Amino acid sequence: MTGGSAALKRAAPAPALPRFRAPIVFGILLLLFLVLVGRSLYLQWIDNAFLQEQGSSRYSREIELPAHRGRIVDRAGEPLAISTPVKSIWAFPGQVDATPEKLAQLARVLETTPKALAKKLEDGNDFVFLAKQVPPEVAERVAVLKIKGVHDQNEYRRFYPVGEMASHIVGFTGDHDVGQEGIELTQQEWLGGKPGSRRVLINRRGEVVEDVESIRAPQPGRDLALSIDARLQYLAFRELKAAVEANRAKAGGLVIIDAQTGEILALANWPTYNPNARNRVAREKMRNRALTDVFEPGSTLKPFTIAAALESGAVRPDTVIQTAPGSLTIGPNTIHDAHPSGALTVEQVIQKSSNVGAAKIALSLPPSTMWQMLSDTGFGAAPNTGFPGEVAGRLRPAKTWKPIEQATMAYGHGISVNLVQLARAYTVFASEGQLKPATLFKAGSSVAGRPVLKAETALAVRHMLELAVQPGGTAPKAQVPSYRVAGKTGTAHKLEGRGYTNKYVSSFVGFAPASAPRLIVAVMIDEPSAGAHYGGEVAAPVFSTVMGSALRTLGTPPDAPGDNVILPDSAAAIREET
Amino acid sequence: MFRLNLMLLGALVLCALSLVTSRHQARKLFVELERETTRTRAFETEFGQLQLEQSTWAMPVRVEKIARENLKMQIPGPRRIEVVPGEAPK
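Rules and cut-offs
Residues numbered from 1 in each chain as written. Chains lettered and ligands numbered in written order. Predicted model: local features only at pLDDT ≥ 70, side-chain atom pairs only at ≥ 80, totals over all residues. Helix = DSSP H or I, 4+ residues; strand = E, 2+ residues; numbered from the N terminus. Rg over C-alpha atoms; globule rule 2.2 N^0.38 Å. Contact = placed C-beta atoms within 7 Å. Buried ≥ 20, exposed ≤ 12 C-beta atoms within 10 Å, placed from the backbone. Pairing = 2+ DSSP bridges. Axes fitted to C-alpha atoms, helices over the stretch in contact; angles between N-to-C directions. Parallel < 35°, antiparallel > 145°, perpendicular 65-115°, else oblique. Left-handed = near helix turned anticlockwise from the far one by under 90°. Nonpolar A, V, L, I, M, F, W, Y, C, P; charged D, E, K, R; others polar. pLDDT = per-residue confidence, 0-100. Domains from an automatic or database assignment.

S.K.: How should the overall build of chain A be read in this particular structure?
M.R.: The helix and strand tally for chain A stands at 21 helices and 19 strands. Whereas a compact globule of 578 residues would reach a radius of gyration of roughly 25 Å, chain A reaches 38 Å, over 25% beyond that. Look at the contacts in chain A between residues 6 or more apart in sequence, and 72% of them connect residues 24 or more apart.

Shown next, in the form of structure tokens:
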């Protein structure tokens, strides 16, 4: 049956196809072809961005060009802050796929426990840092483990080789290498580098074969040379720390200034902090007290009163001032000398640090003369060292002075200064009358100062300051073997709330060698509480050690060779009250 | 006319070949330059690390400790210092 019907069909003539069928199929095919052509033309000429991008991404790459932050170096080029590349290890916890052994290995490489690592990876975050800023070698060892989902990224880390010794000046950087404190903050523009990028062609092995364009040229940060001398900074820090601890003081500061150029060679503060590991450091410890805190200077200000009087011709170095009976009453107030003397010459007023004598000399001057002298020597104005947040101190206008205020200001009360201001003001005595600009940046050569005093006045005061550190003065302990030294002690009651307390600020400012001053050292010890509190006993010994070591370090020739120092007997030293 | 065309064709082929070679040369040199640049960067990094290391070893605290403890050095007292007068150094 079936065979028969097949044969029948074969025999039957082919049914005629409808005549329109072929053109329709042809038309449809042509239409589809046109669509394809149209689409390709569209992609080629009009909507070509996507494919272009896809194409170029197969062979061209944009490469980030890192620019590292400039170094901060001391005046001899010793690094104080330096950036080196490090890596941070991070992961997407959801994507991490590793055997427990691998994770244990990872924990060992990252110097953590498997438990702590597992906890990090369990946290619900999309992204976790497994280790921040590890050395490149560690990152390499992590990469060798080939754990899926664990990646690393390049970063820079800032290191501070001198650590806590210079942290107040240098400051530190925060995340992304941006300055947060100190010089790192103010000189961000100079130090900070701007990363660049360029587009290149790569071959199939991933090697760069051609530069296409430089999108942004990288701008590496520039190095910055400070005026600091790392050797002196170390001396200053070591001695200050020892003194603060020995005197059980609250805080302390020490500044070394180059007497010729005004450059700050060392600036140490205590308490301090380590900028390399500053987690949970109190803000308190980060303050650069020598520049951002003020105190009443006490007797260290007397030389300026005397200089004003000498300059105006009101007194001469040998003019006799009667200081008996050791007190002076002005209106309702009385000022005292701790150790009453009789008639003293102006020289002896400085040597023995007589408050009454200084007050009497001050009262013989018009307030404006005295104000002018203090203002000319830089008090009441920020010292402009290039440090953030430095304070100006307080020097009230002369018009508002009452006589008692003028008298107390003569010995450094009723006026507030910071330690750098005080040290810098002494450049007028160390340089024959010129006030040098204080700076934290390395100066090219000798710096011209602003003339403030006549050379003869400066030399006369310098001579008085030499008397003050010799036997019979207030600070024989400030003497330095083989060098002639000039300086002045200060012991000020601290002002708290409305009145003066029995807490003290002991200070000493001096310079050496007196014949040709090279260095000025200012020491301030805040609230010494181990018994002694006079500047001559607390601050002067620090001055002596620092000055002696610093002059030796700098190779300054001695101007008084031989054994010129009469070792002071502490009972014989003359003490002062302010 | 045909000869001229043939000559031009020959010149064209030569130019094309030399372009290919010089291009290849340029890429090879560039890869080399790139490698040297990477090395430079690596050296810079190493220099920074060495500087850091050097300043760590030369820390005054460490130098002083070694001088005092290992080498038993001390600062001479004023009586033991002899100053030789001479021309003052500038």
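Now that the structure has been shown, we can carry on.
S.K.: Sorry if this is basic, but what is going on with the overall build of chain B here?
M.R.: Secondary structure summary: chain B contains two helices and zero strands in total. What you see for chain B is a C-alpha radius of gyration of 35 Å, clearly larger than the 12 Å of a compact globule of 90 residues, by over 25%. For chain B, the spread of C-alpha atoms along the principal axes amounts to about 110 × 35 × 15 Å. For chain B, buried positions account for 0% of its 90 residues.

S.K.: Could you clarify how one ought to interpret the sheet that holds strand 17 (residues 486–496) of chain A in this entry?
M.R.: Strand pairing in a sheet relies on backbone hydrogen bonds, with the paired strands running either antiparallel or parallel. Residue and element names in this part refer to chain A. Spatially, 10-9-19-18-17 is the arrangement adopted by the five strands of the open sheet, whose pairing is antiparallel. Of all the strands in the sheet, just strand 10 (264–270) and strand 17 have a single pairing partner and so form its edges. In this sheet, adjacent strand axes meet at a mean angle of 10° when their direction is disregarded. In the sheet, strand 18 (residues 499–512) pairs with strand 19 (residues 519–526) via eight bridges, with the strands oriented antiparallel. Each bridged residue has a counterpart across the sheet, and for serine 506 the counterpart in strand 19 is isoleucine 525. Across the sheet, helix 20 (residues 455–468) touches strand 17 and strand 18, and the angle it forms with strand 17 is around 75°.

S.K.: Would you mind showing me how to read the pairing of strand 13 (residues 333–336) of chain A here?
M.R.: Regular strands show a simple pattern: their side chains alternate between the two faces of the sheet. All names here are of chain A. When strand 12 (residues 327–330) meets strand 13, the two strands line up antiparallel, connected through four bridges. Its bridge partner lying in strand 13, isoleucine 330 is registered against asparagine 333. Taken together, strand 12 and the strand that follows it, strand 13, pair antiparallel across an intervening segment of two residues, in which glycine 331 is found at a positive phi of about 60°.

S.K.: Please explain the packing of helix 13 (residues 302–312) of chain A against helix 16 (residues 367–376) of chain A as it appears in this structure.
M.R.: When two helices pack together, you describe them by how their axes are tilted relative to each other and by the distance separating the axes. Residues and elements named next belong to chain A. Direction vectors running N to C along helix 13 and helix 16 enclose 120°, while the axes themselves pass 9 Å from each other. On the basis of their axis angle, the class for helix 13 and helix 16 is oblique. Where helix 13 crosses over helix 16, the two elements pack in a sense that is right-handed. Here Phe304, Thr305, Ala307, Ala308 and Ser312 of helix 13 come into contact with helix 16, specifically with Thr369, Met370, Met373 and Leu374. For the contact of helix 13 with helix 16, the class distribution of residues is six nonpolar, three polar and no charged.

S.K.: Mind showing me how you'd approach the interface of chain A and chain B here?
M.R.: The figure often quoted for interface size is the accessible area lost as the parts come together. Listed by partner, the interface residues are 20 residues for chain A and 18 residues for chain B. Put simply, the parts of the chain that give the side of chain A that touches chain B at least two residues each are strand 3 (79–91), strand 7 (208–216) and helix 10 (230–246) of chain A. Take the side of chain A that touches chain B: its biggest share by element is four residues, from strand 3 of chain A. Taken together, the residues that form the side of chain A that touches chain B break down as 13 nonpolar, two polar and five charged.

S.K.: Even after reading the chapter, I still don't get unusual backbone geometry, so can you show me in this structure?
M.R.: Keep in mind that most residues, glycine aside, have a negative phi and that most peptide bonds are trans. Here the bond from A:Trp270 into A:Pro271 is cis, since omega is 5°, no more than 30 degrees from zero. Within the secondary structure, A:Pro271 is located in the loop between strand 10 and helix 11 (283–286). Positive phi, normally seen in glycine, also occurs at A:Arg248, with a value near 45°. Here A:Arg248 shows up in the loop between helix 10 and strand 9 (251–258). The class of A:Arg248 is exposed, set by 11 C-beta atoms lying within 10 Å. One non-glycine residue, B:Lys72, adopts positive backbone phi at about 50°.

S.K.: Can you help me understand the environment of A:Lys146 in this one?
M.R.: By the secondary structure assignment, A:Lys146 is in the loop between helix 6 (136–145) and strand 5 (150–159). Linking A:Lys146 and A:Ala98, residues 48 residues apart in sequence, is a C-alpha distance of 9.3 Å.

S.K.: Whenever I open this one, the confidence of the model for chain A confuses me. Can you help?
M.R.: Should pLDDT be low for a region, the predicted coordinates there are not to be read in detail. For chain A, the average pLDDT comes to 85, and 93% of its residues sit at 70 or higher. Mean pLDDT values for the elements of chain A range from 52 in helix 1 (residues 2–11) of chain A up to 95 in strand 19 of chain A.

S.K.: What is the right way to look at the domain arrangement of chain A in this model?
M.R.: Residue and element names in this part refer to chain A. Partitioning chain A into domains gives domain 1 (64–102 + 128–225) and domain 2 (230–554). Distance from the C-alpha centre of domain 1 to the C-alpha centre of domain 2: 44 Å. Facing the 21 residues of domain 1 at the interface are 19 residues of domain 2. When residues of the side of domain 1 that touches domain 2 are traced back to their parent elements, those giving at least two are helix 7 (167–170) and helix 8 (182–186). Grouping the amino acids of the side of domain 1 that touches domain 2 by side-chain chemistry returns 11 nonpolar, five polar and five charged.

S.K.: How do you make sense of the environment of A:Ala398 when you look at a structure like this?
M.R.: Here A:Ala398 lies in the loop between helix 16 and helix 17 (403–410). Along the primary structure A:Ala398 and A:Trp270 are separated by 128 residues, whereas in three dimensions their C-alpha atoms are 35 Å apart.

S.K.: Where do I start with helix 17 of chain A in this structure?
M.R.: Residues that lie three or four places apart on an α-helix share one face, since the helix turns once every 3.6 residues. Residues and elements named next belong to chain A. Residues Gln406, Ala407, Thr408, Met409 and Ala410 constitute the buried set of helix 17. The inward-facing, buried residues of helix 17 contact helix 13, strand 12, strand 13, helix 15 (355–363) and helix 16. Two residues or fewer past helix 17, glycine 412 is found with a positive phi of approximately 80°.

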